[in-house]
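What follows is each chain in one-letter form.
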Amino acid sequence: MPEAWMFGLLGGLMIGCASALMLLGLGRIAGISGLGARAVGLADAGAPQSLAIFFIVGLPLGAFLMARALGGVSLHFPPNIATLIIAGLVVGFGTRLGSGCTSGHGVCGMSRFSRRSISATLVFMASGFATVALMRLLGIS
Amino acid sequence: MKQLTFALLAGALFGAGLALSGMSDPAKVRGFLDIFGTWNPTLMFVMGGALIPMGLAWRIQAKLRAPLAAPRFSLPDTTGLDARLIGGAALFGVGWGIAGLCPGPAIADLALAPREAAIFVLAMLAGMLVFKIITSRSTPMEGAKTPGVMGK
């Protein structure tokens, strides 16, 4: 039985190859917050909108096909709708303000040794650790 | 047409990777961020795995004059740290910690858990809209022009 870390490593390699395809094929960063904003017309600069839409549509398509191939994947969301809404608002605003998220800064920028991306990744990881720790302390889950 | 095919393929490969890695599950991501709980290190392997092909890709990119399917490279050339970058990353981390979702898995999950993912994605787009409204009212890129608030 393969361990979770093997799936993690393999999935990570696929994510890296997808980002490499974007970089070497289209000359662009596979930054999902930026492409997502661009796809729905919420960003003034970036990839052509059609290109952003095709990349974004590919995400659920690929996830669907992989889930089918695996015979289903189990997902556990926060039960509370308000939690999802608050988190979504903060993620949307924060990723635009900080010009990127886990994909753009974490994968593409860090591998480029961009000082901005390395800094952003360290900050959002630290902030994520702190948020979960604080929620644990306050008894919110 | 060729460009759109590349974009769709890249997106689909990315989404498939998210589903295979387990990062489409918000609980696993929160498990990684939960250092005082049952820490789940899987995300480190995902990030490590993703950095390998991308590290190679940047080396190849440095030798190319143009990408395979586009006339030129369009890459960020901003350098230096500023308050916008750090503040935005800090906020993003808060939202990431609250729900265990960042933009990629959230959008990919639209196919796997449509109801929950759609609520998050709509809220995320609303947050992006708020950002757009605020920044279009003030001088565009005002924050970026302020010389390194956080120092170089």
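That block above? That's the structure.
Residues numbered from 1 in each chain as written. Chains lettered and ligands numbered in written order. Predicted model: local features only at pLDDT ≥ 70, side-chain atom pairs only at ≥ 80, totals over all residues. Heavy atoms only, no water.

**Overview of the overall build of chain A**
In terms of regular secondary structure, chain A is built from 6 helices and 0 strands. Along its sequence from the N terminus, chain A presents helices and strands in the succession α-α-α-α-α-α. When its C-alpha atoms are laid out on the principal axes, chain A stretches across 45 × 40 × 30 Å. Of all 141 residues assigned to chain A, the portion counted as buried reaches 56%. In chain A, once contacts between residues fewer than 6 apart in sequence are set aside, the share between residues at least 24 apart is 36%. (Helix = DSSP H or I, 4+ residues; strand = E, 2+ residues; numbered from the N terminus. Buried < 20%, exposed > 50% of the residue type's maximum accessible area, 1.4 Å probe, protein only. Contact = heavy atoms within 4.5 Å.)

**Quick notes on the packing of helix H4 (residues 81-97) of chain A against helix H4 (residues 83-99) of chain B**
Where H4(A) contacts H4(B), the two axes come as close as 7 Å, and the packing angle between them is 160°. As summarised for this structure, H4(A) and H4(B) are arranged roughly antiparallel, according to the angle between their axes. For the element pair H4(A) and H4(B), the recorded crossing hand is left-handed. Between H4(A) and H4(B), the contacting residues are A:Thr83, A:Ile86, A:Ala87, A:Val90, A:Val91, A:Phe93, A:Gly94, A:Thr95, A:Arg96 and A:Leu97 on the first element and B:Arg84, B:Leu85, B:Gly87, B:Gly88, B:Ala89, B:Leu91, B:Phe92, B:Val94, B:Gly95, B:Trp96, B:Ile98 and B:Ala99 on the second. When grouped by side-chain class, the residues that make up the contact of H4(A) with H4(B) number 14 nonpolar, 6 polar and 2 charged. (Axes fitted to C-alpha atoms, helices over the stretch in contact; angles between N-to-C directions. Parallel < 35°, antiparallel > 145°, perpendicular 65-115°, else oblique. Left-handed = near helix turned anticlockwise from the far one by under 90°. Nonpolar A, V, L, I, M, F, W, Y, C, P; charged D, E, K, R; others polar.)

**Focus on the packing of helix H3 (residues 49-70) of chain A against helix H1 (residues 2-21) of chain B**
One can describe the packing of H3(A) onto H1(B) by two numbers: an axis separation of 6 Å at closest approach and a directional angle of 40°. Taken together, the axis directions place H3(A) and H1(B) in an arrangement best described as oblique. Pair H3(A) / H1(B) crosses with right-handed handedness. The residues of H1(B) that touch H3(A), namely those facing A:Ser50, A:Leu51, A:Phe54, A:Phe55, A:Val57, A:Gly58, A:Leu59, A:Leu61, A:Gly62, A:Ala63, A:Met66 and A:Leu70, are B:Gln3, B:Leu4, B:Ala7, B:Leu8, B:Ala10, B:Gly11, B:Ala12, B:Phe14, B:Gly15, B:Ala16, B:Ala19 and B:Leu20. Taken together, the residues of the contact of H3(A) with H1(B) sort by class into 18 nonpolar, 6 polar and no charged.

**What to know about the interface of chain A and chain B**
Residue-level contacts link 98 residues of chain A with 104 residues of chain B. Regarding the contact of chain A and chain B, the summed buried area is about 9,200 Å², with carbon and sulfur atoms giving 79% of it. At the surface where chain A touches chain B, the tally comes to 3 salt bridges. The interface formed by chain A and chain B holds 19 residue pairs in polar contact (both at pLDDT 80 or more) in total. At the level of secondary structure, the elements contributing two or more residues to the side of chain A that touches chain B comprise helix H1 (4-26), helix H2 (32-39), H3, H4, helix H5 (102-111) and helix H6 (115-138) of chain A. For the side of chain A that touches chain B, the element with the highest residue contribution is H1(A), accounting for 22 residues. Of the residues assigned to the side of chain A that touches chain B, the class counts are 61 nonpolar, 30 polar and 7 charged. (Buried area = accessible area lost by both parts, 1.4 Å probe. Salt bridge = Lys/Arg side-chain N within 4 Å of Asp/Glu carboxyl O. Polar contact = N/O pair within 3.5 Å; in protein donor to acceptor, adjacent residues only side chain to side chain.)

**Thoughts on the nonpolar core**
Ranked by internal contacts, the top residues of the largest apolar core, which has 78 residues, are A:Phe55 and B:Phe120. In terms of residue count, H1(B) provides more of this core than any other element does, 9 residues in total. Once residues lying within four places of it in the same chain are set aside, the contact partners of B:Phe120 are A:Leu84, A:Ala87, A:Gly88, A:Val91, B:Ala99, B:Leu101 and B:Ala106. (Core = buried A, V, L, I, M, F, W, Y, C linked by side-chain atoms within 4.5 Å.)

**Thoughts on the packing of aromatic side chains**
Enumeration according to the criterion identifies 8 aromatic pairs over all chains in this entry. Judged by centre distance (6.2 Å) and plane angle (75°), the ring pair of A:Phe55 and B:Phe14 falls under edge-to-face. With A:Phe55 in helix H3 and B:Phe14 in helix H1, this residue pair bridges two chains. Residue class for A:Phe55 comes out buried when judged on its relative accessible area of 0%. Its relative accessible area of 4% is what places B:Phe14 among the buried residues. Judged by centre distance (5.9 Å) and plane angle (25°), the rings of B:Phe92 and B:Trp96 are stacked. (Phe/Tyr/Trp six-rings, centres within 6.5 Å; stacked < 30°, edge-to-face > 60°.)

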